[in-house]
Amino acid sequence: IFPYYHIPLFPKITLLTSVPNNMYNKPMAIVYLSLGSNIGDRVGYIQQATSLLSSNPNINIVATSSFYETEPWLMSTDNWFVNAVVQISTTLAPEELLKECQRIECQLGRPTNRTGEYSDRTIDIDIIFYDNVIMNNDILTIPHKYFHKRGFMLVPMLEIAEDFVHPFFGKT
């Protein structure tokens with residue numbers, strides 16, 4: 001009546017002739033991401049984005065804030081957002097992580113032809129902090145340049161990392 005499970009006495013052992021990339025002891029960066037959605041199943045899109053992030057072998061989810069419903073910021077829309085902050089550890093470089101976030105946004109239906117104007121979106125994933133890195137180039141600014149002005153980033157960040165010190169401002 002009980003299910004039968006075959007457990008071998010001598011498990012198969014595989015000899016590695018080379019070490020896969022993800023097995024190197026690369027240092028893990030601690031990163032904070034902001035996730036937001038204001039159309040469709042807003043909570044569902046944030047959950048899907050978090051799941052897709054965690055399915056990448058180079059990304060581990062460390063903590064997730066509660067979900068917050070927030071008024072649109074500098075946008076002319078009636079659609080309120082659901083926002084959260086996720087803490088991850090990753091071996092991806094900042095630019096690689098940006099590409100992965102953009103891939104996930106595209107997979108979840110966000111248009112890739114961005115004009116720079118804010119618009120409704122199924123999902124938005126922003127890198128807020130990447131360790132204590134300070135960088136500003138044509139494709140990426142870390143820390144996020146508006147973090148300190150956006151309650152929808154500050155409040156969830158405070159929930160999961162209340163002692164975090166902003167690398168540029170030097171304040172919690």
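Presented here is an overview of the structure given in this document. Source: prediction; values computed, not measured.

Describing the nonpolar core
- Counting 26 residues, the largest nonpolar core has V31, L33, L97, I125 and I127 as its most contacted members.
- When residues of this core are traced back to their parent elements, those giving at least two are β1 (29-37), α1 (42-54), β4 (81-90), α2 (94-107) and β5 (124-130).
- In terms of nonpolar packing, the next biggest core, distinct from the first, is built from 11 residues, V85, F129, M157 and F164 among them.

Remarks on the packing of α1 against α2
- Here α1 crosses α2 at 135 degrees, and the two axes come no closer than 10 Å. With respect to their mutual orientation, α1 and α2 come out oblique. As for the relative orientation of α1 and α2, their crossing is right-handed in sense. Residues A49, L52 and L53 of α1 form the contact with α2, whose own contacting residues are E100, C101, I104 and Q107.

Details of the environment of N83
- Locating N83 in the fold gives a position in strand β4.
- Taking the C-alpha atoms as reference points, N83 and R42, 41 residues apart in sequence, are found 8.7 Å from one another.
- Not counting chain neighbours up to four residues away, the residues in contact with N83 comprise L35, G36, I46, S66, F67, Y68, T70 and F152.

Examining unusual backbone geometry
- For the bond from I142 to P143, the omega torsion is -5 degrees, close enough to zero to count as cis.
- Looking at the secondary structure, you find P143 in the loop between β7 (141-142) and α3 (151-160).
- The phi angle at D131 is positive, at roughly 45 degrees, despite the residue not being glycine.
- Its place among the elements puts D131 in the loop between β5 and β6 (135-136).

Regarding the packing of aromatic side chains
- One pass over the structure, following the stated rule, counts 2 aromatic pairs.
- Note on Y32 and F164: the rings are 5.2 Å apart at their centroids and 70 degrees apart in plane angle, and the pair reads as edge-to-face. With a gap of 132 residues between them, Y32 in strand β1 and F164 in the segment after α3 connect regions that are remote in the sequence. With respect to burial, Y32 and F164 carry one shared label: buried.
- Considering the side-chain rings of F129 and F164, the 4.5 Å spacing of their centres and the 45 degrees angle between planes classify their relative orientation as tilted. Highlighted residues: F129 in strand β5 and F164 in the segment after α3, separated in sequence by 35 residues. Like F129, the residue F164 is buried in the burial classification.

Conventions and cut-offs
Residues numbered from 1 in each chain as written. Predicted model: local features only at pLDDT ≥ 70, side-chain atom pairs only at ≥ 80, totals over all residues. Heavy atoms only, no water. Core = buried A, V, L, I, M, F, W, Y, C linked by side-chain atoms within 4.5 Å. Buried < 20%, exposed > 50% of the residue type's maximum accessible area, 1.4 Å probe, protein only. Helix = DSSP H or I, 4+ residues; strand = E, 2+ residues; numbered from the N terminus. Axes fitted to C-alpha atoms, helices over the stretch in contact; angles between N-to-C directions. Parallel < 35°, antiparallel > 145°, perpendicular 65-115°, else oblique. Left-handed = near helix turned anticlockwise from the far one by under 90°. Contact = heavy atoms within 4.5 Å. Phe/Tyr/Trp six-rings, centres within 6.5 Å; stacked < 30°, edge-to-face > 60°.

Distances and angles like these do not, on their own, reveal function.
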